[in-house]
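Each chain is listed here by its residues.
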Amino acid sequence: MMRASQEELNLIKKAMDSEKKVRVFKRYQALYLFLSGKTRKEVAQIVGVSPNTVTNVYTAYKTEGLAGIVDKPILGRPTRLTNEQQAELKLVILSKIPSEVGFPAEFNWTAGLIGKYIKCKYNYDYSIRGITKMLDRMGLSYTRPTYVLAKADKQKQEQFVQDFAKVKKLLDGKIQQILFVDESMIRDYQAIHQTWFERGKQRIIRTFGKHRGVKLVGYLNYETGEIYCEEHDTYDAKIFLKFLENLLSKNPKGKTVVILDNARIHHAKLLESFLKENETLLQLMFLPPYSPNLNLIEGLWKWLKEKVIYNVFYKTVPEIRKNVNAFLKTISAEPEAVIQRLCCKL
């Protein structure tokens, strides 16, 4: 019959009282009763375990102390690809498309296709779950890509960023404001995007078989987050001239720098006399060709479409207009949110 000192029993009792896992609690309980003088059979009946379990618990305790009673951490299956092989795989995923590495009819990496590549290249078999876990450890995630125009001139874009940094420094008094300007068509057929819905079913979006939209021209104030938009039936040089006149009437003091793309209407001869008359108040700063990513107001149009257009089809243009105006009114009341989302990229 086993007996332990009262001090030893007190330590076991303290560990048992603080244990939350039932199976570990039973081990402590079995050990405590066994070391208090009860037989293996008696302990097994009280705790509800087999006599062999009592023996195993006692043996673990004598070998490792209380550390032998608690659950051991479960070690994951070791990665079969070496660190060097994982680095090679990551480089292939980031810099190649499947058709360039032996899959002529495939152009998008999926977990299943990555598994096939691993099998072909390294002769290892991975489950889909194993692949996704490995990719996560490698710092990769399944994300939606974005577009970059192939014709964009990287050097000109870098030069614009440098020039813009100089312009920003003039906001201390030489320039009153910097406005990013652009036009956008908010169409109701740019609508189907992922959304939450009942598993196994698909949300049905009613459509009316017509493509309606609202044409906007607007600006985003880089420093204050102010947004101003006008709706027009078309885009032409006359409309843009009127927009610039309205812009100046809203901001009659100090110099305004307008950043915009190279659309033909922005270079129209119709603008020349107006720009010359107001050269002390207005300066146009053109983006490099094929660089919508540098026009911060592009983020406003994307934001607007996410909130107003996605997964909704409109029966009439006034319905679109109503929701567009509601969105613009809402975010105009939160200029700090606009700055954080749109104006911190440059």
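Residues numbered from 1 in each chain as written. Predicted model: local features only at pLDDT ≥ 70, side-chain atom pairs only at ≥ 80, totals over all residues. Heavy atoms only, no water.

**A few points about the pattern of salt bridges**
Argument step 1. Under the criterion given, the structure shown has eight salt bridges.
Argument step 2. Residue R23 is joined to D71 by a salt bridge in which the shortest nitrogen-to-oxygen separation is 2.7 Å. With R23 in helix α2 (residues 22-35) and D71 in the loop between α4 (51-64) and α5 (83-95), the pair connects residues that are 48 residues apart, well separated along the chain.
Argument step 3. Shared partners join several salt bridges into a network, and the residues in it are K21, R23, R27 and D71. (Salt bridge = Lys/Arg side-chain N within 4 Å of Asp/Glu carboxyl O. Helix = DSSP H or I, 4+ residues; strand = E, 2+ residues; numbered from the N terminus.)

**Observations concerning the layout of surface pockets**
Argument step 1. Of the pockets and cavities examined, the second largest pocket occupies roughly 590 Å³.
Argument step 2. Lining the second largest pocket are 19 residues; nearest its centre among them are I93, W109, S141, Y142 and T143.
Argument step 3. For the lining of the second largest pocket, the secondary-structure elements that each account for two or more residues are α5, α6 (111-122) and α7 (128-137).
Argument step 4. Looking at the lining of the second largest pocket element by element, the count peaks at three residues for α5.
Argument step 5. Of the residues assigned to the lining of the second largest pocket, the class counts are 12 nonpolar, six polar and one charged. (1 Å grid on protein atoms, 1.4 Å probe; cavity = no way out; pocket = protein on both sides within 12 Å on 5 of 7 lines; lining within 4 Å. Points joined across faces, edges and corners; volume = space filled by probe spheres on them. Nonpolar A, V, L, I, M, F, W, Y, C, P; charged D, E, K, R; others polar.)

**Observations concerning the pairing of strand β3 (residues 227-232)**
Argument step 1. Relative to β3, strand β2 (residues 213-221) is paired through six bridges, and the arrangement is antiparallel. The residue bridging G218 from the neighbouring strand is C229, located in β3.
Argument step 2. Hairpin connection from β2 to β3: five residues lie between these consecutive antiparallel strands, with G225 at a positive phi of about 80°. (Pairing = 2+ DSSP bridges.)

**Describing the nonpolar core**
Argument step 1. Counting 37 residues, the largest nonpolar core has F164, I178, F180, L220, I259 and L300 as its most contacted members.
Argument step 2. Secondary structure elements with two or more residues in this core: α8 (154-169), β1 (177-187), β2, β4 (256-260), α11 (297-308), α12 (317-332) and α13 (335-342).
Argument step 3. With six residues, α11 is the largest single contributor of residues to this core.
Argument step 4. For F164, the contacting residues outside a window of four places in its chain are I178, F180, Y222, I259, M285 and L346.
Argument step 5. Counting 20 residues, the second-largest nonpolar core is a separate cluster that includes L179, Y219, A268 and L284. (Core = buried A, V, L, I, M, F, W, Y, C linked by side-chain atoms within 4.5 Å. Buried < 20%, exposed > 50% of the residue type's maximum accessible area, 1.4 Å probe, protein only. Contact = heavy atoms within 4.5 Å.)

**A few points about the packing of helix α1 (residues 6-18) against α2**
Argument step 1. Two elements in contact, α1 and α2, have axes whose closest approach is 9 Å; the angle formed by their N-to-C orientations is 160°. When the axes of α1 and α2 are compared, the pair comes out roughly antiparallel. For the pair α1 and α2, the sense of crossing is left-handed. Together, E8, L9, I12, K13, A15 and M16 of α1 and F25, Y28, Q29, L31, Y32 and L35 of α2 make up the contact between the two elements. (Axes fitted to C-alpha atoms, helices over the stretch in contact; angles between N-to-C directions. Parallel < 35°, antiparallel > 145°, perpendicular 65-115°, else oblique. Left-handed = near helix turned anticlockwise from the far one by under 90°.)

**Regarding the environment of I97**
Argument step 1. Looking at where I97 falls in the secondary structure, it is placed in the loop between α5 and α6.
Argument step 2. Residue classification places I97 among the partly exposed positions, given a relative accessible area of 36%.
Argument step 3. With 10 residues separating them along the chain, I97 and F107 place their C-alpha atoms 5.6 Å apart.
Argument step 4. Dropping the residues within four chain positions of it, I97 is found in contact with F107 and W109.

**Some details on the side chain of T256**
Argument step 1. Mapped onto the elements, T256 comes out in strand β4.
Argument step 2. Polar contacts involving the side chain of T256 include one to the side chain of Q177, which spans 2.9 Å.
Argument step 3. Setting aside chain neighbours within four positions, we find T256 in contact with Q177, L179, L247, N251, L281, L282 and Q283. (Polar contact = N/O pair within 3.5 Å; in protein donor to acceptor, adjacent residues only side chain to side chain.)

**A closer look at the packing of aromatic side chains**
Argument step 1. One pass over the structure, following the stated rule, counts 11 aromatic pairs.
Argument step 2. Here the aromatic rings of F180 and Y222 are separated by 6.2 Å at their centres, their planes lie at 45°, and the arrangement is tilted. With F180 in strand β1 and Y222 in the loop between β2 and β3, the pair connects residues that are 42 residues apart, well separated along the chain. Considered together, F180 and Y222 belong to a single accessibility category, that of buried residues.
Argument step 3. Aromatic side chains Y228 and F243 sit 6.2 Å apart centroid to centroid with 25° between the ring planes, which places their arrangement in the stacked category. Here Y228 is found in strand β3, whereas its partner F243 is found in helix α9 (residues 237-250), with 15 residues between them in sequence. Residue Y228 shares its accessibility class with F243, and that shared class is buried.
Argument step 4. Pairwise contacts between aromatic rings join F160, F164, F180 and Y222 into one cluster.
Argument step 5. The positively charged end of R80 is found above the aromatic ring belonging to Y126, 4.2 Å away from the centroid. (Phe/Tyr/Trp six-rings, centres within 6.5 Å; stacked < 30°, edge-to-face > 60°. Lys NZ or Arg CZ within 6 Å of the ring centre and 35° of its normal.)

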